[in-house]
Amino acid sequence: ERGLGSVTAPDVVPDLSSMHVLTTRWVDGERLASSGAEDVPRLCGVALNAYLTMLLDTGKLHCDPHPGNLLRTRDGRLCILDWGMCLDVPQDLQLSLLEFIANLQAQNYERVPDDLVALGFVPADKLDALRSSGLTFGIAQMLRVAAQGGGPKGAMERLVAENKEKY
């Protein structure tokens, strides 16, 4: 319907699910991050398109998009797993969230404090304190490392290696 025929999700098992437990059917595939298939770059683009569509078109957002929740199915589709954390994003916050992500990705750290205020994470009267703290650079670095996958252990190993190279 939205040009996302390459995206799938596991079927929910209603009889085994509740308000606190989401049970889904097994999906055969391999983690996108560890797949050697030639179409992985295409599927990464599909994932980006799917998340932007969720955010900007439907106003819903899957809040756990780490590499372990993205599979390449046997038929070459992207399967997004673990729908236990989703939220409705009000229209006024959709653009603010997109700007925040874009500024982090582009390393526009000077704009991140404004994004955090627009998203309601920081009160406007604390903006100057946030700017002078250097905290947004630390947050951006942490998110950059986390986005590379490997969990906490992998992130820590990459941070140590980066700092050894620098110092």
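Our subject is the structure listed above.
The shown structure was predicted, so the numbers you read here are calculated from the model rather than taken from an experiment.

What counts and what doesn't
Residues numbered from 1 in each chain as written. Predicted model: local features only at pLDDT ≥ 70, side-chain atom pairs only at ≥ 80, totals over all residues. Heavy atoms only, no water. Pairing = 2+ DSSP bridges. Helix = DSSP H or I, 4+ residues; strand = E, 2+ residues; numbered from the N terminus. Expected span 1.5 Å × (residues − 1). Buried < 20%, exposed > 50% of the residue type's maximum accessible area, 1.4 Å probe, protein only. Contact = heavy atoms within 4.5 Å. 1 Å grid on protein atoms, 1.4 Å probe; cavity = no way out; pocket = protein on both sides within 12 Å on 5 of 7 lines; lining within 4 Å. Points joined across faces, edges and corners; volume = space filled by probe spheres on them. Nonpolar A, V, L, I, M, F, W, Y, C, P; charged D, E, K, R; others polar. Salt bridge = Lys/Arg side-chain N within 4 Å of Asp/Glu carboxyl O. Core = buried A, V, L, I, M, F, W, Y, C linked by side-chain atoms within 4.5 Å. Patch = residues over 30% accessible without salt bridge, like charges linked within 9 Å, V, L, I, M, F, W, Y side chains within 5 Å. Areas by Shrake-Rupley, 256 points an atom, 1.4 Å probe, with all protein chains shown as cover.

Considering the sheet that holds strand 4 (residues 70–73)
The strands that make up a sheet pair up through hydrogen bonds in the backbone, lying either parallel or antiparallel.
Here is step 1 of the chain: Ordered by their spatial adjacency, four strands build an open sheet running 1-5-4-2, and the pairing between neighbours is mixed. This sheet does not close on itself; its edge strands, each paired only once, are strand 1 (7–8) and strand 2 (29–31).
Here is step 2 of the chain: Relative to strand 5 (residues 78–80), strand 4 runs antiparallel, the two being bridged by three bridges. Bridged to Leu71 within strand 5 is Cys79.

Thoughts on helix 1 (residues 40–58)
Here is step 1 of the chain: With 19 residues, helix 1 extends 25 Å between its outermost C-alpha atoms, agreeing within 8% with the 27 Å of an ideal straight helix rising 1.5 Å per residue.
Here is step 2 of the chain: Within helix 1, burial applies to Val40, Leu43, Val46, Ala47, Ala50, Tyr51, Thr53, Met54 and Leu55.
Here is step 3 of the chain: Against the buried residues of helix 1 lie strand 1, strand 3 (60–62), strand 4, strand 5 and helix 2 (91–105).
Here is step 4 of the chain: Gly59 occupies a position one or two residues after helix 1 and carries a positive phi of about 75 degrees.

Quick word on helix 2
One full turn of an α-helix is made of 3.6 residues, so residues set three or four places apart face in the same direction.
Here is step 1 of the chain: Taking 1.5 Å of rise per residue, 15 residues should cover 21 Å, and helix 2 covers 22 Å from first to last C-alpha, within 8% of that figure.
Here is step 2 of the chain: Within helix 2, the full set of buried residues consists of Gln94, Ser96, Leu97, Phe100, Asn103 and Leu104.
Here is step 3 of the chain: Looking one or two residues past helix 2, Gln107 carries a phi angle of roughly 60 degrees, positive in sign.

Some thoughts on the layout of surface pockets
One way to see where empty space is left: roll a probe the size of a water molecule over the atoms.
Here is step 1 of the chain: Roughly 230 Å³ of volume is contained in the second largest pocket.
Here is step 2 of the chain: Along the wall of the second largest pocket there are 14 residues; nearest its centre are Thr24, Trp26, Val27, Leu71 and Leu81.
Here is step 3 of the chain: For the lining of the second largest pocket, the element with the highest residue contribution is strand 2, accounting for three residues.
Here is step 4 of the chain: Split into classes, the residues belonging to the lining of the second largest pocket amount to seven nonpolar, two polar and five charged.

Details of the pairing of strand 4
Here is step 1 of the chain: Burial along strand 4 is two-sided: Leu70 and Arg72 facing one way and Leu71 and Thr73 facing the other are all buried.
Here is step 2 of the chain: Two strands pair when backbone bridges link them, and strand 2 and strand 4 are joined in this way by three bridges, in the antiparallel orientation. Considered in strand 4, the bridge of Gly29 is made with Thr73.

Section: the pattern of salt bridges
Here is step 1 of the chain: Under the criterion given, the structure shown has six salt bridges.
Here is step 2 of the chain: We note a salt bridge from Asp75 to Arg77, for which the minimum N-O separation is 3.2 Å.
Here is step 3 of the chain: Residue Arg77 is classed as partly exposed on the basis of its relative accessible area of 30%.
Here is step 4 of the chain: Through salt bridges that share partners, Asp39, Arg42 and Arg72 make up one connected network.

Topic: the nonpolar core
Here is step 1 of the chain: Formed by 24 residues in total, the largest nonpolar core has its most connected members in Leu70, Leu78, Ile80 and Phe100.
Here is step 2 of the chain: At eight residues, the largest contribution of residues to this core is made by helix 1.
Here is step 3 of the chain: Not counting residues within four places of it along the chain, the set of residues in contact with Ile80 comprises Val7, Thr8, Ala9, Pro10, Ala50, Tyr51, Met54, His62, Asn69 and Leu70.

Considering the environment of Ala102
Here is step 1 of the chain: Residue placement: Ala102 occurs in helix 2.
Here is step 2 of the chain: According to the relative accessible area criterion, Ala102 is partly exposed, its value standing at 40%.
Here is step 3 of the chain: Between the C-alpha atoms of Ala102 and Val112, which are 10 residues apart in sequence, the distance is 9.5 Å.

A word on a nonpolar patch on the surface
Here is step 1 of the chain: Together, Leu48, Leu52 and Leu56 make up a nonpolar patch on the protein surface, roughly 260 Å² of accessible area in all.
Here is step 2 of the chain: By the secondary structure assignment, Leu56 is in helix 1.
Here is step 3 of the chain: For Leu56, a relative accessible area of 43% corresponds to the partly exposed category.

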